[in-house]
Amino acid sequence: MREAIHNLEASKIREVANAGIGRADVLAFWFGEGDEVTPEPIRQAAIASLQQGETFYAHNLGLPELRESVARYMSGLHPTIDAARIAITSGGVSALMLAMQALVDAGDEVVAVTPVWPNLTAQPAILGARVRSVPLVPKAGQWTLDLDALRAAVTPATRLLVLNAPNNPTGWTLTRAEQQAILDHCRGTGTWILADEVYERLYYEPTQNGCAPSFLDVARPDDRLVVVHSFSKSFLMTGWRLGWLVLPPALVEGMGKLIEFNTSCTSVFTQRAGIAALAHSAEITPRVVAHLKTCRDTLVPLLAELPGVQVAPARGGMYAFFRLEGFDDSLLLAKRLVAEAGLGLAPGNAFAPQAQGWLRWCFASRDPQRLVQGVERLRNWLGAQVRA
Ligand SMILES: Cc1ncc(COP(=O)(O)O)c(C=O)c1O
């Protein structure tokens, strides 16, 4: 096996989850998905497609109808995006990997803003790239970008800058001014930007267009920018494996070839479900986001009341990222919480070494009372530590 693969770190989130497997009494918030099933019209569209016998290979870049639907949807949120720039992928993960394969050679330098979901740093490492990190800085629980540090790190030697905002796990988001400054800098250094914007609709600040600031709002179509999207979060479709890329026109043909050699195409019934999701987006997504905001606003104030907790409300995404004073080893703490409190959280150091001591709590819960119960377990456990 190649050394790059051998050296990949096993998932620390899985390590914690494995410690709780088979225990029905654990309240689990460790994975990044909710517990609500995909809305009915989306499921029905897939069923209808299968019943009509749509069981064959399709175009590498996706069904023209879905590419058109995605372009219309994106153009409603951002400046007009042509369907010819859209590639349909088998999930956001595959979209990310395809983008990296298209842009990164072995030995290239990739800069990633961290903490970040581990796939974004593992994927360039798999390709043999050298990954450098620009750390976000926590200030009163809120993680912030040091723009000067980012400008210093991204040089003409940097092939690709990887950013995920709204961010998993910190809830950090970018402002439009920051996006413009990053784009200007990368234009100067000739660096590609890979913007993971899968959480763009899960944004809790007031906006006009119902989504977080996007690089697509400031970039030209021919900028060195690739944007990754997913149906997983805004349409409750994690298990379907459906996402898309927004590409500069010059990358589209090559992307079709790459998809041929990765997955060939996304299954047609899944794409039909995607068309239905976008047709119903005006009902589905605002409901999902309003519910997630209720979840966030249930969880975060309760967490903040606990002694020694450092937390701030996430501006976007679906995670509370917090620190408990006196517990500096995230993995050990997360395992102890499973074993001793029946509470399943993800360890912060799964997302970057500088997030050692932090924990991630996915607040996407159909029943917000589960979050209240979870905090109760944490409160009781903390109380027992003080007494011990
Ligand atoms: C930051 C980020 N990007 C991409 C994805 C990929 O989502 P999917 O492959 O389900 O579309 C996730 C999933 O959790 C994520 O957190």
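Refer to the structure printed above.
Described below are features of the structure shown in this document.

## Description of the overall build of the protein
And step 1. Within the protein, the regular secondary structure consists of 13 helices and 15 strands.
And step 2. Taken over C-alpha atoms, the radius of gyration comes to 21 Å for the protein, in line with the 21 Å a tight globule of 388 residues would show.
And step 3. Here the protein holds 388 residues, and 55% of them are scored as buried.
And step 4. About 15,900 Å² of surface is accessible on the protein, with carbon and sulfur atoms providing 54% of the total.
And step 5. When the 35 positive and 37 negative side-chain charges of the protein are each reduced to one mean point, those points stand 2 Å apart.

## Regarding the site of the ligand
And step 1. In the vicinity of the ligand, 13 residues are found, and the nearest of them are Gly92, Asp196, Ser230, Ser232 and Arg241.
And step 2. Notes on the ligand: free accessible area 390 Å², of which the protein chains cover 95%.

## Considerations on helix H13 (residues 368-387)
And step 1. In this model, H13 (20 residues) spans 29 Å end to end at C-alpha, consistent with the 28 Å of a helix rising 1.5 Å per residue.
And step 2. Burial in H13 covers these residues: Leu371, Gly374, Val375, Leu378, Trp381 and Leu382. When H13 is viewed along its axis, its buried side chains cluster within an angular range of 125 degrees and face the same direction.
And step 3. Close packing links the buried residues of H13 with strand E1 (27-28), helix H11 (281-305), strand E12 (319-324), helix H12 (330-341), strand E13 (343-344) and strand E15 (358-362).
And step 4. The residue sitting at the N-terminus of H13 and contributing the capping side-chain oxygen is Asp367; that oxygen lies 2.9 Å from the backbone nitrogen of Gln369.

## Brief notes about the pattern of salt bridges
And step 1. For the structure shown, the criterion picks out 20 salt bridges.
And step 2. Arg272 is the partner of Glu54 in a salt bridge, and the nearest nitrogen-oxygen pair spans 2.8 Å. Taken together, the positions of Glu54 in the loop between helix H3 (40-51) and helix H4 (64-77) and Arg272 in helix H10 (residues 268-279) put the pair 218 residues apart, joining distant regions of the chain.
And step 3. The class of Arg272 is partly exposed, set by a relative accessible area of 23%.
And step 4. Linked through salt bridges whose partners overlap, the residues forming this network are Asp184, Arg187, Arg220, Asp222 and Asp223.

## Observations concerning the sheet that holds E15
And step 1. In space, the four strands of this open sheet follow the order E11-E12-E15-E14, with antiparallel pairing throughout. Edge strands, defined here as strands with exactly one partner in the open sheet, are strand E11 (309-310) and strand E14 (346-347).
And step 2. Two elements, E11 and E12, share two bridges in a ladder whose sense is antiparallel. When the sheet's bridge partners are listed, Val309 is paired in E12 with Leu324.
And step 3. Contacting E12, E14 and E15, H12 runs over the sheet at an angle of about 45 degrees to E15.
And step 4. Docked against the sheet, H13 engages E12 and E15, running at close to 155 degrees with respect to E15.

## What to know about the sheet that holds strand E3 (residues 109-114)
Consider a sheet: its strands pair through backbone hydrogen bonds, and that pairing is either parallel or antiparallel.
And step 1. A sheet is described by the order of its strands in space; here seven strands give the open sequence E2-E10-E9-E8-E7-E3-E4, paired in mixed fashion. Edge positions in the sheet fall to strand E2 (86-89) and strand E4 (130-135), since each of these pairs with one other strand and no more. On average, adjacent strands in this sheet sit at an angle of 20 degrees to one another, irrespective of strand direction.
And step 2. Summarising the sheet, E3 and E4 pair through six bridges and their orientation is parallel. Bridge pairing in E4 links Val113 to Val134.
And step 3. On top of the sheet, helix H5 (residues 92-103) reaches E2, strand E7 (158-164), strand E8 (192-196), strand E9 (225-230) and strand E10 (243-246); it is set at about 160 degrees to E9, its chief contact.

## Considerations on the packing of H5 against helix H6 (residues 119-126)
And step 1. For the pair H5 and H6, the least separation of the axes is 10 Å and the interaxial angle reads 40 degrees. One element, H5, and the other, H6, form an angle in the oblique class. When you trace H5 past H6, the crossing you get is right-handed. Of H6, the residues touching H5 (which contributes Val93, Leu96, Met97 and Met100) are Asn119, Leu120, Gln123, Pro124 and Ile126.
And step 2. Tallied by class, residues from the contact of H5 with H6 come to seven nonpolar, two polar and no charged.

Conventions we followed
- Residues numbered from 1 in each chain as written.
- Predicted model: local features only at pLDDT ≥ 70, side-chain atom pairs only at ≥ 80, totals over all residues.
- Heavy atoms only, no water.
- Helix = DSSP H or I, 4+ residues; strand = E, 2+ residues; numbered from the N terminus.
- Rg over C-alpha atoms; globule rule 2.2 N^0.38 Å.
- Buried < 20%, exposed > 50% of the residue type's maximum accessible area, 1.4 Å probe, protein only.
- Areas by Shrake-Rupley, 256 points an atom, 1.4 Å probe, with all protein chains shown as cover.
- Lys, Arg positive; Asp, Glu negative; His and termini not counted.
- Charge placed at Lys NZ, Arg CZ, Asp CG, Glu CD.
- Near = heavy atom within 4 Å.
- Expected span 1.5 Å × (residues − 1).
- Arc of directions from axis to C-beta.
- Contact = heavy atoms within 4.5 Å.
- Polar contact = N/O pair within 3.5 Å; in protein donor to acceptor, adjacent residues only side chain to side chain.
- Salt bridge = Lys/Arg side-chain N within 4 Å of Asp/Glu carboxyl O.
- Pairing = 2+ DSSP bridges.
- Axes fitted to C-alpha atoms, helices over the stretch in contact; angles between N-to-C directions.
- Parallel < 35°, antiparallel > 145°, perpendicular 65-115°, else oblique.
- Left-handed = near helix turned anticlockwise from the far one by under 90°.
- Nonpolar A, V, L, I, M, F, W, Y, C, P; charged D, E, K, R; others polar.

Distances and angles like these do not, on their own, reveal function.
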